[in-house]
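Residue strings, one per chain:
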Amino acid sequence: RHAKIRRIRIRDMLISMNNTYITDTNRLIRSYMALRGIDQKELAIRLSMHPVSLSARLTGKTPFRANEIVEIAKILNVTPNDLLISNSRNMKNA
C-alpha cells in the first residue's frame, strides 16, 4: 500500500514539474514575442502553423516539439536555450 501511495505522489510531482516547465517556456515565448512586436497570428504564419495549433501550444494544452522551439527561437532572435531555461538573465539579454 505504501509503495502505491509513494508512486502516485512521485507521478503527481513529475506532472507538476512538467506543467511548470511548460508554463515557463510559454511565458518566455510570449515575453519575447512582445519584446519583438510579434503577435500570435504573425508567429503562426512564420511557423507555417495554424493559429489554433499555436494557441494550443502557448496555453500548454499541446507540448511544443523540439523543432518548433528551434524555429521560434530563430524568429525571436534568441537561442532555444533562452526559451527553455527560466532565469533572470533571459530577459536582460533580450
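For the structure, see preceding data.
Residues numbered from 1 in each chain as written. Predicted model: local features only at pLDDT ≥ 70, side-chain atom pairs only at ≥ 80, totals over all residues. Heavy atoms only, no water.

**Q** Please explain unusual backbone geometry as it appears in this structure.
**A** Most peptide bonds take the trans configuration, and most residues that are not glycine carry a negative phi. Even without being glycine, Ser48 reaches a positive phi, approximately 55°. Its place among the elements puts Ser48 in the loop between α2 (40-46) and α3 (51-58). The exposure class assigned to Ser48 is exposed, which follows from its relative accessible area of 70%. At Asn77, a position not held by glycine, the phi torsion is positive, near 60°. Mapped onto the elements, Asn77 comes out in the loop between α4 (66-76) and α5 (80-84). (Helix = DSSP H or I, 4+ residues; strand = E, 2+ residues; numbered from the N terminus. Buried < 20%, exposed > 50% of the residue type's maximum accessible area, 1.4 Å probe, protein only.)

**Q** Just checking my understanding: could you explain α4 for this structure?
**A** Side chains of residues three or four places apart in an α-helix project in the same direction, reflecting 3.6 residues per turn. Within α4, burial applies to Glu68, Ile69, Ile72, Ala73, Ile75 and Leu76. What you see down the axis of α4 is that its buried residues fit within an arc of 160°, all on one side. For α4, exposure combined with an orientation more than 90 degrees from the buried face picks out Ala66, Asn67 and Lys74. Following α4 by one or two positions, Asn77 has its phi on the positive side, about 60°. (Arc of directions from axis to C-beta.)

**Q** What exactly am I supposed to notice about the nonpolar core here?
**A** Here is a general trend for soluble globular proteins: nonpolar side chains tend to be buried in one another's company. Ile29, Leu43, Leu54, Leu76 and Leu83 are the most contacted members of the largest nonpolar core, which totals 18 residues. The set of elements that each furnish at least two residues to this core consists of α1 (2-36), α2, α3 and α4. A per-element tally of this core places α4 first, with five residues. (Core = buried A, V, L, I, M, F, W, Y, C linked by side-chain atoms within 4.5 Å.)

**Q** So what exactly am I meant to see when it comes to the side chain of Thr25 here?
**A** Within the secondary structure, Thr25 sits in helix α1. Judged by its relative accessible area of 5%, Thr25 falls in the buried class. Excluding anything up to four places from it in sequence, Thr25 contacts Ile69, Leu83 and Leu84. (Contact = heavy atoms within 4.5 Å.)

**Q** Explanation requested: the pattern of salt bridges in the structure shown.
**A** Opposite charge on two side chains allows them to pair when their charged atoms are near. Counted according to the given criterion, the structure contains four salt bridges. For Arg46, the salt bridge identified is with Glu42, shortest N-O distance 3.3 Å. With Arg46 and Glu42 both in helix α2, this residue pair falls four residues apart, about one helical turn. Overall, Arg46 belongs to the partly exposed group, its relative accessible area being 42%. Note on Glu42: relative accessible area 31%, which makes it partly exposed. Between Arg57 and Glu68 there is a salt bridge, with its nearest N and O atoms 2.8 Å apart. (Salt bridge = Lys/Arg side-chain N within 4 Å of Asp/Glu carboxyl O.)

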